[in-house]
Amino acid sequence: MAGPVVAGKSDHWGSRFGFIMAAVGSSVGLGNMWRFPYIAGEMGGSAFILVYLGCILLFGLPVLMAEYALGRYGQRSSIASIRKIVTEEKKPIAWVGMGWLGAIASLLLFSFYIVISAWVFDFIPQAFMGDFSGFDAAASGANFDDTTGNKLEIFAYMAGFLALNVIIVARGVHGGIEKAAEILMPAFFIMLLGMVAFAVFTGDAAATVEFLLTPDFSKMGFETFMAAVGQAFFSLSVGSCVMFTYGAYLTRDTNIPKNAGLVASADTFVALIAGFAIFPIVFAFGLNPAEGPGLFFVTMPVAFGQLPGIVGGVFFTLALFAAFTSSISLLETGVSWLEDQKSIGRLKGALGLGVIMLCMGAGYIWAPEFIDHASFLSGDVMLPLGGVLIGIFAGWVVPKRILASELGEGMHLEIVLVLLRFVVPVAISIILVMGMINKFS
Ligand code: PHE
């Protein structure tokens, strides 16, 4: 079982299944259910999804492998692993800054992640009580506005969710999370599949297929590319060195390329089926696909309103759990950073960051328009930037023998190296610069 996350530890994942579920637990979260459908909706659907799949394959997967590999090699939290590598190999110590950037990005992500999680939390009792019964799109939209408008209530849910995060991270991501993930993540998958079946049968499946699967390339610009890269990194949990820490728990006999492929496939699968659970309802009820951050929270209740309350209640509970297994990996990155940098204990670090996050979260609750900005800055700018740095670091700074020892020799290593050395840094830099110019001009 995974013990407390401390530097240089000898604990490892209890089993391959346990690791996969914890890694999938970090990847699969609000990024798949909430962020992917709304960004895809805003970006016009199909063409975005095609670009997104390309980004997962060409950028996300190699960076994920690099993070696992360097984490397992370093056997420490991200910053300590980077420091170990640059010290041993006599490379510039400035590379440690990459770990800082990751920690700051993680905390920025975490600061609004807890607010969206609070919305999910608030929906659990609503669903169980059958409040969604008979909802059409207008009623559901009004309910979402009421829910997020009830600021004190959302604040209370956010504080509760945050407290759970602080407790678990302060104690170390112990066996509890790995164990719980083993049971709850599969349950979540099954529920989501059930929702797809329901949405496809009762909603407008034809319009969904058209929207999600028939590419309209005229809608594509650098902004589409930028959003797709950002979403790919956000969804896979890469670019902020979170996966370094998870990699440190990997046993030597775990095949990294194979497992990274599995995590990426599961994550992509969940994002796509979330789209298929949401868009049939969007089209059947004449909702706007570009509705924005409220999309998930307006469409799902319409479907649950036609089912016994327990179905929606269980679904939002599992969704909250998926969010939780992601959010702890974000907070963990900040706490281990403090631990390494300033020798601040886990409890102190988690509590201190918790207070700062509580204040930032309150800021978003009272001024929700900042959620979109924070999501853009952390997800679409900082994570891809982190990806560029990890690509350069793993491809050019770290000696090839280290990657070879973690990923194994062979054709796949050469491909991953080409992607890390050239494709990731060059393509993402161009996309970032052009995307910014387009967005702000
Ligand atoms: N991947 C998580 C999700 O999809 C969010 C996350 C991003 C977690 C980055 C860790 C690091 O919800």
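In this report, we go over the structure that sits alongside the text. Worth saying up front: this structure is predicted, and the values here are computed from it rather than measured.

1. Re the packing of helix α2 (residues 30-42) against helix α16 (residues 369-397)
Relative orientation of the contacting elements α2 and α16 amounts to 95 degrees, with a least axis distance of 14 Å. When the interaxial angle is binned, α2 and α16 end up roughly perpendicular. On the side of α2, the interface is formed by Trp34, Arg35 and Tyr38, while α16 contributes Ile371, Asp372, Ser375, Phe376, Gly379 and Asp380. Here the contact of α2 with α16 is built from residues that sort into four nonpolar, two polar and three charged.

2. Details of the pattern of salt bridges
Per the counting criterion, the structure on display carries seven salt bridges. Residue Arg346 pairs with Glu332 through a salt bridge whose shortest N-O separation is 2.6 Å. On the criterion of sequence distance, the pair formed by Arg346 in helix α15 (residues 346-366) and Glu332 in helix α14 (residues 309-342) is long-range, its members being 14 residues apart. Taken as a pair, Arg346 and Glu332 share a single burial class, namely buried. What emerges from the salt-bridge pattern is a single network uniting Arg72, Arg252 and Glu406.

3. With respect to the site of the ligand
Around the ligand, the structure places 15 residues, and the nearest of them are Ser27, Gly31, Tyr113, Phe234 and Ser237. Within the backbone of Leu30, one N or O atom sits 3.1 Å away from an oxygen atom of the ligand. Alone, the ligand offers 320 Å² of accessible surface; in the complex the protein occludes 100% of this. Those elements that place two or more of their residues in the shell around the ligand are α1 (16-27), α2, α5 (96-128), α10 (222-236) and α14. By residue class, the composition of the shell around the ligand is six nonpolar, nine polar and no charged.

4. Things to note about helix α3 (residues 46-74)
Given a rise of 1.5 Å per residue, 29 residues ought to cover 42 Å, and the 40 Å separating the end C-alpha atoms of α3 matches this to within 8%. In the structure, α3 departs most strongly from a straight axis at Ile56, where the bend amounts to approximately 40 degrees. With 24 of 29 residues buried, α3 lies mostly within the body of the structure. Just downstream of α3, Gln75 is the residue with a positive phi angle, here 60 degrees.

5. As for α15
With 21 residues, α15 ought to run about 30 Å at 1.5 Å a step, and its terminal C-alpha atoms sit 30 Å apart, in line with that. Within the sequence span of α15, burial applies to Arg346, Gly349, Ala350, Leu353, Gly354, Met357, Gly361, Ala362, Tyr364 and Ile365.

6. Notes on the packing of aromatic side chains
What the rule picks out here adds up to 31 aromatic pairs. Considering the side-chain rings of Trp119 and Phe297, the 5.3 Å spacing of their centres and the 85 degrees angle between planes classify their relative orientation as edge-to-face. Of the two residues, Trp119 sits in helix α5 while Phe297 sits in helix α13 (residues 295-304), which places them 178 residues apart along the sequence. Taken together, a centroid distance of 5.4 Å and an interplanar angle of 70 degrees make the contact between Phe123 and Phe316 edge-to-face. Note that Phe123 is positioned in helix α5 and Phe316 in helix α14, a separation of 193 residues in sequence. Like Phe316, Phe123 is buried. The ring of Phe376 is capped by Lys439, whose NZ or CZ atom sits 4.4 Å from the centre of that ring.

7. Side note on unusual backbone geometry
Here Lys90, not a glycine, exhibits a phi torsion of approximately 55 degrees, which is positive. With respect to the element layout, Lys90 can be found in the loop between α4 (78-88) and α5. What makes Lys90 exposed here is its relative accessible area of 73%. Despite not being glycine, Cys241 has its phi angle at roughly 65 degrees, a positive value. Within the secondary structure layout, Cys241 lies in the loop between α10 and α11 (242-248).

8. Details of the side chain of Gln126
With respect to the helices and strands, Gln126 occurs in helix α5. Residue classification places Gln126 among the buried residues on the basis of a relative accessible area of 10%. At 3.1 Å, the side chain of Gln126 and the side chain of Asn143 are in polar contact. Not counting residues within four places of it along the chain, the set of residues in contact with Gln126 comprises Asp131, Phe132, Asn143 and Thr147.

9. Remarks on the environment of Phe296
Looking at the element boundaries, Phe296 is found in helix α13. A relative accessible area of 2% means that Phe296 is categorised as buried. Linking Phe296 and Tyr73, residues 223 residues apart in sequence, is a C-alpha distance of 39 Å. When sequence neighbours within four positions are dropped, the list of residues in contact with Phe296 reads Met33, Trp34, Ile278, Pro301, Phe315 and Phe316.

How each quantity is defined
Residues numbered from 1 in each chain as written. Predicted model: local features only at pLDDT ≥ 70, side-chain atom pairs only at ≥ 80, totals over all residues. Heavy atoms only, no water. Axes fitted to C-alpha atoms, helices over the stretch in contact; angles between N-to-C directions. Helix = DSSP H or I, 4+ residues; strand = E, 2+ residues; numbered from the N terminus. Parallel < 35°, antiparallel > 145°, perpendicular 65-115°, else oblique. Contact = heavy atoms within 4.5 Å. Nonpolar A, V, L, I, M, F, W, Y, C, P; charged D, E, K, R; others polar. Salt bridge = Lys/Arg side-chain N within 4 Å of Asp/Glu carboxyl O. Buried < 20%, exposed > 50% of the residue type's maximum accessible area, 1.4 Å probe, protein only. Near = heavy atom within 4 Å. Polar contact = N/O pair within 3.5 Å; in protein donor to acceptor, adjacent residues only side chain to side chain. Areas by Shrake-Rupley, 256 points an atom, 1.4 Å probe, with all protein chains shown as cover. Expected span 1.5 Å × (residues − 1). Bend = angle between axes of the 7 residues up to and from the residue. Phe/Tyr/Trp six-rings, centres within 6.5 Å; stacked < 30°, edge-to-face > 60°. Lys NZ or Arg CZ within 6 Å of the ring centre and 35° of its normal.

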